[in-house]
Amino acid sequence: MPSLSFVRPLAACAVLALLAGCDTVGTDSTHVEASQDPWVEMLDAVNAVRAAGQTCGGERYAPVAPLVWNDRLEAAATRHTADMVEHGSFAHRGSDGSEVGERATRAGYSWRLLGENIARFQQTVPEVVEDWVESPGHCRALMDARYAEMGAAVQDRYWTQVFGLAR
């Protein structure tokens, strides 16, 4: 499976178009079926989880504000996902010893707070988000009200999701 980095639409109006029931959103001259746009699907799935509130490891979390997509966090996620695939590893620490903060900084994200979820073997966005919700630590990251932005990537069924609060 080729590398698939989540694509970000040109503007927030693309998300509004999706919510209004339009079939496509565009980036440049290429149109992507909204139901096939992994960026929209991931962001919508995460924000639905956040809007519903969750119980994570026995602790109840009230609904929290939605996240917005950040392409620098996406770049950090993409780099880590590719690194895990290349080295056949599955860890938050990269093959170069880096942690999420170093990767986000390298991607140009000026951060105050970061979090990261990783997963592997899931085939779809709904499957990976469901697995994260069922894992107490991952669920807490999804529900952390301090985060305002996220980016994510998938390659060869390795998933990375990075949450952030910018400086």
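As shown above, the structure is provided for reference.
Anyway, here's the lowdown on the structure attached to this text. Here the structure is a predicted model, which is why all the values come from computation and not from measurement. (Residues numbered from 1 in each chain as written. Predicted model: local features only at pLDDT ≥ 70, side-chain atom pairs only at ≥ 80, totals over all residues. Heavy atoms only, no water.)

1. A look at the state of the cysteines
Then, in step 1: The full count for this structure, using the stated rule, is 1 disulfide.
Then, in step 2: Note on cysteine connectivity: Cys56 is disulfide-linked to Cys139, with sulfurs 2.0 Å apart. The disulfide joining Cys56 to Cys139 has a torsion of about -55° about its S-S bond and is therefore left-handed. With a gap of 83 residues between them, Cys56 in strand S4 (residues 54–56) and Cys139 in helix H6 (residues 136–143) connect regions that are remote in the sequence.
Then, in step 3: Judged by relative accessible area, which is 0%, Cys139 ranks as buried. (Disulfide = S-S within 2.5 Å. Helix = DSSP H or I, 4+ residues; strand = E, 2+ residues; numbered from the N terminus. Buried < 20%, exposed > 50% of the residue type's maximum accessible area, 1.4 Å probe, protein only.)

2. Some details on the pattern of salt bridges
Then, in step 1: By the definition in use, this model includes 4 salt bridges.
Then, in step 2: For Arg103, the salt bridge is made with Glu116, and the minimal N-O distance between the two is 2.9 Å. Pair noted here: Arg103 is in helix H4 (residues 100–106) and Glu116 is in strand S7 (residues 111–120), with a separation of 13 residues, a long-range link.
Then, in step 3: The exposure class assigned to Arg103 is buried, which follows from its relative accessible area of 3%.
Then, in step 4: The closest approach of N and O atoms between Arg146 and Asp144, which form a salt bridge, is 2.7 Å. (Salt bridge = Lys/Arg side-chain N within 4 Å of Asp/Glu carboxyl O.)

3. Description of the pairing of strand S8 (residues 149–155)
Then, in step 1: Of all 7 residues in S8, 7 are buried; the element is thus mostly enclosed.
Then, in step 2: As paired strands, strand S6 (residues 68–69) and S8 are joined by 2 bridges and run parallel to one another. From the neighbouring strand, Trp69 faces S8, where its bridge partner is Met150.
Then, in step 3: Examined bridge by bridge, S8 and strand S9 (residues 158–166) share 7 bridges and lie antiparallel to one another. For Ala152, the partnering residue across the bridge sits in S9 and is Gln161.
Then, in step 4: Between the antiparallel neighbours S8 and S9 lie 2 residues, among them Asp156 with a positive phi of about 50°. (Pairing = 2+ DSSP bridges.)

4. Regarding the packing of helix H5 (residues 125–134) against H6
Then, in step 1: Relative to each other, H5 and H6 sit at 105°, their axes nearing to 5 Å. Classed by the angle they form, the pair H5 and H6 counts as roughly perpendicular. On H6, the residues touching Trp132, Val133 and Glu134 of H5 are Pro136, His138, Cys139 and Leu142.
Then, in step 2: Residues of the contact of H5 with H6, tallied by class, amount to 5 nonpolar, 1 polar and 1 charged. (Axes fitted to C-alpha atoms, helices over the stretch in contact; angles between N-to-C directions. Parallel < 35°, antiparallel > 145°, perpendicular 65-115°, else oblique. Contact = heavy atoms within 4.5 Å. Nonpolar A, V, L, I, M, F, W, Y, C, P; charged D, E, K, R; others polar.)

5. A word on the nonpolar core
Considering soluble globular proteins, one finds that nonpolar side chains tend to be buried as a cluster.
Then, in step 1: Within the largest apolar cluster, 29 residues are counted, with the highest numbers of intra-cluster contacts made by Met42, Val129, Trp132, Met150 and Trp159.
Then, in step 2: Counting residues per element, the ones that place at least two in this core are helix H2 (38–52), S7, H5, H6, S8 and S9.
Then, in step 3: Broken down by element, the residue count for this core peaks at 6 residues, all from H2.
Then, in step 4: Beyond its immediate sequence surroundings of up to four residues, Val129 is in contact with Met42, Ala45, Val46 and Val49. (Core = buried A, V, L, I, M, F, W, Y, C linked by side-chain atoms within 4.5 Å.)

This is a description of form; function is not addressed.
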